[in-house]
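Structural description and commentary
Next come the chains, spelled out residue by residue.
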Amino acid sequence: MLFRSRFEVDYLRLFQDPTNEPPELTLVGPSRVTLVTGSDFEEPGYLASDREDGDLGSEVTIEGLEALDPDAVGDYVLVYSVIDSGGLEASAERTVSVVDQASAQLALFSDGEINLGVWDQGINAFDEELVINGQAYASCSNDDGAACPNISWRVVDDAERGPVLEIEHSNREKVTGLYVQSSQGLDLTSYSNGSLVFDVHYRLGTPSISLKVGCGYPCESGVITRELSGAGWETVTIPVASFVDRGLDLSKVDAGLVIWATERNGDVFRLDKIRWSL
């Protein structure tokens, strides 16, 4: 073990070998973690190594854990530090945000309405056959798809759910998709360990949906496809980490959901309770 007193550390720093290189300390997982009140904090991990000393993972100290109260809303900063045998130090910080249950979900669509307080650009769709100013793949906005040749949407009264969002594709297999948008990039890093969740009922066509999340074109996640049962309402849960792994920048999300029927061949499906959730 390499635990040293502050006197020893100061001495080593004063007479350290000029050829000694500082250790490297890397956090595993996000630098900001969000907890819902009452949840236990689970350390995502860290890696520490040094050219001269090798693996220093067991020597890492964490300051701030004693102050972290999972029952009290607030931000808590954890400071990770490691010192090598030559007295050189490396450090990193992770912020743990404790939020109440009401803050644990960010709604996009629920009870027949878009959350316009956040997604102020409402519901939009892109369509490869919609050309504006000579540019194809243009978008129609908040018009139920009236200006889009190959996709439409509307709020309908579902027998089980009440008002829900229904999306319909033409049978021409054209590239289209519906998206919920904000005029500004939203910092959703607090949802890094959460999920994008929605309920879906496939009404017509091959029950398969494709989706992604946007962060200011051309910034976006890659496409994720989910096969559905097609037997009534079902809940789809996609970990936010899956979007990040595919290129999403969580600090500037402007399209909270981009979705379409995978086949785009006359498909009809309904959506409800679209939300980002911790």
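Look above for the structure.
Within any chain, residue numbers begin from 1 and follow the written order of that chain's sequence. Only residues with pLDDT of at least 70 are given local features in this predicted model, and only at 80 or more are side-chain atom pairs given and counted; all residues enter the totals for whole chains, interfaces and linings. Note that water and hydrogens are dropped before the side-chain values are worked out from all heavy atoms of the structure.

1. Things to note about the packing of aromatic side chains
Note on aromatic pairs: each is described by the distance of the centres and the angle between the planes. Here a pair means two rings of Phe, Tyr or Trp (six-membered ring of Trp) with centres within 6.5 Å. Their orientation is stacked below 30 degrees between planes, edge-to-face above 60, and tilted elsewhere. Overall, the coordinates contain five aromatic pairs when judged by the stated rule. Measuring from centroid to centroid gives 6.5 Å for F126 and Y179, while their planes differ by 25°, and the two rings are stacked. Placement of the pair is F126 in strand β10 (residues 122–127) and Y179 in strand β14 (residues 176–186), with a sequence separation of 53 residues. Working definition: with a 1.4 Å probe on protein chains only, accessible area under 20% of the residue-type maximum means buried, over 50% means exposed, and in between means partly exposed. What makes F126 buried here is its relative accessible area of 16%. Y179 sits in the buried class, given a relative accessible area of 11%. Strands are runs of DSSP state E lasting at least 2 residues, helices are runs of H or I lasting at least 4, and numbering of each runs from the N terminus.

2. Some remarks on the nonpolar core
Most often, soluble globular proteins keep nonpolar side chains buried together rather than apart. In this text, buried Ala, Val, Leu, Ile, Met, Phe, Trp, Tyr and Cys residues form a nonpolar core when linked through side-chain atoms within 4.5 Å. By size, the foremost hydrophobic cluster in this structure holds 45 residues, and its most contacted members are W119, L188, F198, L211, I259 and W276. Filtering out sequence-adjacent residues up to four positions away, L188 remains in contact with L106, W119, L250, V253 and W276. Core analysis: the second largest hydrophobic core is formed by 17 residues, L27, A48, Y76 and A92 among them. Note on definitions: a residue-residue contact is assigned when non-hydrogen atoms from the two residues lie within 4.5 Å.

3. Let's talk about the sheet that holds strand β7 (residues 89–99)
Pairing between strands is defined by DSSP: at least two bridges between the two strands are required. Reading across the sheet, the four strands line up as β2-β7-β6-β5 and stay open at both edges, with mixed pairing between neighbours. Across the chains shown, the open sheet's two edge strands, defined by having one partner strand only, are β2 (32–36) and β5 (61–63). This sheet shows a mean twist of 25° between the axes of neighbouring strands, independent of strand direction. Across 10 bridges, strand β6 (residues 74–83) lies against β7 in antiparallel orientation. Residue pairing for β7: D75 is matched across the bridge by S97. Lines are fitted to the C-alpha atoms to define the axes, a helix being fitted only along its stretch in contact, and any angle between axes, read from their N-to-C directions, falls within 0 to 180 degrees.

Geometric descriptors of this kind do not, in isolation, establish any biological role.
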